[in-house]
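The residues making up each chain are set out below.
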Amino acid sequence: MLAQFISTAPRMTAAQTNQPRLARIVNRLCLAVLFYLLVACGDAPLNNPHPHHPEDAMVYQSFMQSIPKHLDPAQSWAVNEAIYISQIYEPPLGYHFLKRPFELIPTALESMPEISYLDADGNAVVEDDEALAFTRYTLRLRDDLLYQPHPAFALDKAGQPLYLFKTAQEGRRYRQIPDFPETGYRPVYANDYVYGIKRLADPVIASPMLGFMSQYIQGMTEFSAMLPGPPRKGWLNLDDFHMEGLEVLDDRTLTITLNGRYPQFPFWLAMHFFSPIAPEVDRFYHNPGFVDRNLTLDWWPVGSGPFMMVENNPNKEIVLERNPNYREDFFPEEGEPGDQEAGYLDDAGKRLPFLDRAVFTLEKQPLSYWTKFLQGYFDRSGETQGYPLGLFDQAFTVSPDGVSVDSELADRGLTMSPSVEPSVFYYGFNMLDPVLGGYTEERRKLRQALQIAFPTEEYLSIFYEGNGIVAQSPIPPGIPGHLQGKAGMNPYVYDWVDGEPKRKSLEIAKQLLVEAGYPNGRDARTGEPLKIFLDVQSQAVNNTRKRWIERVFSEVGVQVEFRPADFNRTREKMLTGNSQIYSAAWGADYPDPENFLFLLYGPESPLICKCDGANYSNYENEEYDALFRRMRVLPSGPERDALIDQMVQLYQRDAVWLYAFNPKRIFLNNPWVFNNKRHGISNATLKYTRIDGQQRDKLRTRWNEPTIWPLHVALILLIALIAPGVVAYRRRRSATARQGRV
Amino acid sequence: MLAYIVRRLFYAVPILIGVNLLTFILFFVVNSPDDMAISQLGAKHVTPEIVQAWKQKNGYDLPLFFNADAGGSGAFTETIFFTKSVRLFALDFGRSESGRDISADVSNRMWPSLAVAIPNFVIGIWVNICVALLVVMFHGTRLDRWAVALFVGLMSISYLFYIIGGQYLVARVWKLVPISGFSGDEHIWKFLILPILVGVVSGIGSGARWYRTLFLEEASQEYVRTARAKGAGELRILFRHILPNALIPILTGIVVVIPALFMGGLLIESFFSIPGLGSYMLDAIQSQDFAIVRSMVFLGSILYIIGLILTDISYTWADPRVRLE
């Protein structure tokens, strides 16, 4: 860019020799401004927002839309935090990057955990033995696991930790982790995984896992009660306390014992809650005064994963760098059908990770991050959200064949990664409501009528640009138990016509209302119109959406009243059963139907469990609950599938939710980014991402040629504003007191 | 003057207590400590025990204002309000609800805020005064009338329009500067051009119109006519006579905001991704982080009071007849 400027400058000057003086001045000023801009930028485009990051090949540049609150694997449970944590820590298990349905694979383990079943006395029993009291998982670690270099592992000549301070004064010069000159590392031991699980039970950490996991891991509740609560000063070595269900057999082997059976436990072993935590790291972060400088495990994670955190300024950016100690890991050599053709296996067998660095810049405004993506300064259109809401029309074209990238963007080589999320958004009925709730035939028909009257397809088309699919059951696509085609259709709301489900007519809805005792939407006994109440979060439903919902129900004579409130009040109503129709959503913790069907399990009703249960519908069906209890402990197979089918049929018959859909997200990738397959469950996918840095530099320069003429115009305008003033001022100064007379 | 300042500082104490009390009440009217715990812990698998543990860890397990279980003064001191408020008066902001040290964040974030706010403030005032004086010089002419119309037009445009319009044109269409971002190194200037340009241009309408009014009032004074009769040039009259005499109302408007400059701007920092205190406050409100909101409101109140005292002091500098007693 600078070279181009220098070569064009003399030509411009020569061409201007005959121009008026003012024009020459304007041009010179413009050139001067431009010169300074170019000198300061070097060869990079003027609008490059990453001037301080080297433009080398393997730097992934992305953005974060919100600041992570927690990076401690025991505390974090948000997707925008998992983006970082999942790259830094390595739990025992993970997911195959390409295969679908989702497949668990050993990551930090040599092989999948060995499972044994025990009776109350600790004797081995078979899986279906009634005497079964415990399930034991034996985990054998790989022998090449090493932690990232970190000052917590630095030792002095005597082999003692280098950075252990008695007072805050001693360590006051260290404000960030990179300030420590010495680092060290060591292998990951089995005890580190045990220590990590013990942290889940520490009341001072207040892990969201404690309540849930303590019902499964043997002795977790007692362990938690044994520890001193807050406020606590200094470091408490959790190794000094024993948890019944955890045992370290040797440096590389540990066992976890669960109460009873919980076949879904391996899925939890693939979550960052079960990451290894080195006790010396925990001790390091409890140095006096460290917490006052935000030197905590919550902000500076230490793991054995493919990346390590080298900069954490959540106000500006988070930078991850390749962990030089990362174990041998290779790109998978097989995937699902179609992956070969899509190029997802082009890197098969190559060593991971591909990236040297990953930079996540804080960028909250849609116009800003969308513009930077289009200008090539961000490699993908988002990490958690595919594109800014409201900019769909700029990015995509909707045709009968579906959604495709806008032609202008497609010409630039942008690729699209669609993903149906393993989650469900829904409006549910409160089954305890005196008007809509209950299990009589009339009430079922009333709810079914409302289901038919609510055209979810139209709703998705209008308010989600078609980015969602109608959910016929609580189980989303990609999760075992999700049935497609006629077998998966809800026969109470749809008919199978010409090879696809077709919503029943409004006439049938009206007939159902008659049978339910509400002809024309009026109570047959009192003549009062049927009015339904929707509890929604204020910001979630705008006036357009409200009017649409009012209109669709008015077609069957039903009136709607919205009861908007903030998140906390809406949630409170749901927990106390004071809602009639509520809105909710659930994203998969793990890819098992149990993780969705429990949304309708009776004991999960907040009113029954007196807890934060997820069955906000307060659906209570003994048959369903019995099926759920059996299904939960069965291994995958036809028997389990049959139970799931029966549960889904009960859900459909009882019409528990008004409507439900599974959201689709579409992510865009710049042409230099490879291996863009979305996973849906796992966030530990950064190691598979590859960048072609040369192509990026070339395209970025081409896409960001500055437009200089506005500088000329601005300068001319400025002169046009000032010049008349100067002229008038001079005229006034030279004017006589009484003009025209002597 | 010293006695006056001490007295004003003394008056500040009940004001600060009142501000703190109001913030506390407003926040907890819509948010209970349980709500805060849930918003911090996430919505999944949150049991009452976990909520209680979080409240205990963060000091929200006490009653809000009155602790009936505690005896004597403990009934008032062993409450959330007292424990969270007293430390503020020692400028100990404690930790945010997510565990970060607020003082450390404030000291880091004030520099980006100042980097934007000071040039914006200085250049803005300078441009507004110059434009206003220029217009005053042509008072009664067509230029004056068009300028006033232009000022009203500029005032009527939303600040958001300036920001988004500036970003769209300058950064997206013309690609002259980054659309947003910040850098603490030698590249800082390229991130500041656009926010400063937007800040200055958006302020011209109201600023220049206000200053024009002040200057016009002074321009009709007899001392101006006398100066002109003595042969003083227009520029000399404007800058040496009118401007100093119009300073009192100008100082009233600008000195008060000087200490608050480092609190940054909510919108400009948010839209331009400047990691300053303005965006810090906005994020805290969105994430219901009461510790940060309370600290920032308290800090803002202190700075505002300092600004008011500085304003009074500046009067004595601008007009030697003013005495602070």
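Because the structure is a prediction, the values reported are computed rather than measured. (Residues numbered from 1 in each chain as written. Chains lettered and ligands numbered in written order. Predicted model: local features only at pLDDT ≥ 70, side-chain atom pairs only at ≥ 80, totals over all residues. Heavy atoms only, no water.)

A. The arrangement of the domain arrangement of chain B in detail. Residue and element names in this part refer to chain B. Annotation of chain B at the domain level lists domain 1 (2-90) and domain 2 (107-324). Computed over C-alpha atoms only, the centres of domain 1 and domain 2 are separated by 35 Å. Regarding the contact of domain 1 and domain 2, the summed buried area is about 1,800 Å², with carbon and sulfur atoms giving 73% of it. Interface area lost by domain 1 to domain 2 is led by Y4, R8 and L88, which between them contribute 28%. At the boundary of domain 1 and domain 2, one finds 1 salt bridge. (Domains from an automatic or database assignment. Buried area = accessible area lost by both parts, 1.4 Å probe. Salt bridge = Lys/Arg side-chain N within 4 Å of Asp/Glu carboxyl O.)

B. Region of interest: the sheet that holds strand β8 (residues 253-259) of chain A. All names here are of chain A. If you trace the 5 strands from one edge of the open sheet to the other, you get β5-β4-β6-β8-β7, paired in antiparallel fashion. One side of each edge strand has no neighbouring strand; the edge strands of this open sheet are β5 (124-125) and β7 (246-250). Here β7 pairs with β8 via 4 bridges, running antiparallel. Counted as the bridge partner of V248 is L254 from β8. Where helix α4 (residues 190-200) meets the sheet, its contacts fall on β7 and β8, and the angle it forms with β7 comes to roughly 170°. (Pairing = 2+ DSSP bridges. Helix = DSSP H or I, 4+ residues; strand = E, 2+ residues; numbered from the N terminus. Contact = heavy atoms within 4.5 Å. Axes fitted to C-alpha atoms, helices over the stretch in contact; angles between N-to-C directions.)

C. How the structure looks around the packing of aromatic side chains. The tally for this structure, following the rule as stated, stands at 66 aromatic pairs over all chains. Considering the side-chain rings of A:F212 and A:W268, the 5.0 Å spacing of their centres and the 45° angle between planes classify their relative orientation as tilted. Placement of A:F212 in helix α5 (residues 209-213) and of A:W268 in helix α7 (residues 265-268) is noted, with a sequence separation of 56 residues between them. Residue class for A:F212 comes out buried when judged on its relative accessible area of 12%. Taking 5.6 Å as the distance between ring centres and 90° as the angle between the ring planes, the aromatic pair formed by A:F331 and A:Y688 counts as edge-to-face. Of this pair, A:F331 sits in the loop between β10 (317-322) and β11 (357-362) while A:Y688 sits in the loop between β23 (673-674) and β24 (690-691), and the two are 357 residues apart along the sequence. Accessibility assignment for this pair places A:F331 and A:Y688 in one class, buried. The ring of A:W299 carries B:R100 above its face, with NZ or CZ at 4.5 Å from the centroid. (Phe/Tyr/Trp six-rings, centres within 6.5 Å; stacked < 30°, edge-to-face > 60°. Buried < 20%, exposed > 50% of the residue type's maximum accessible area, 1.4 Å probe, protein only. Lys NZ or Arg CZ within 6 Å of the ring centre and 35° of its normal.)

D. Spotlight on unusual backbone geometry. Residues and elements named next belong to chain A. Residue P101 follows R100 across a cis peptide bond; omega there is 0°. Among the structural elements, P101 can be located in the loop between β2 (93-95) and β3 (104-106). Here the bond from L352 into P353 is cis, since omega is -5°, no more than 30 degrees from zero. By the element assignment, P353 lies in the loop between β10 and β11. Positive phi, close to 55°, is recorded for N618, a residue that is not glycine. Here N618 is to be found in the loop between α19 (606-609) and α20 (622-633). When its relative accessible area of 2% is taken as the criterion, N618 is described as buried. Despite not being glycine, N675 has its phi angle at roughly 65°, a positive value.

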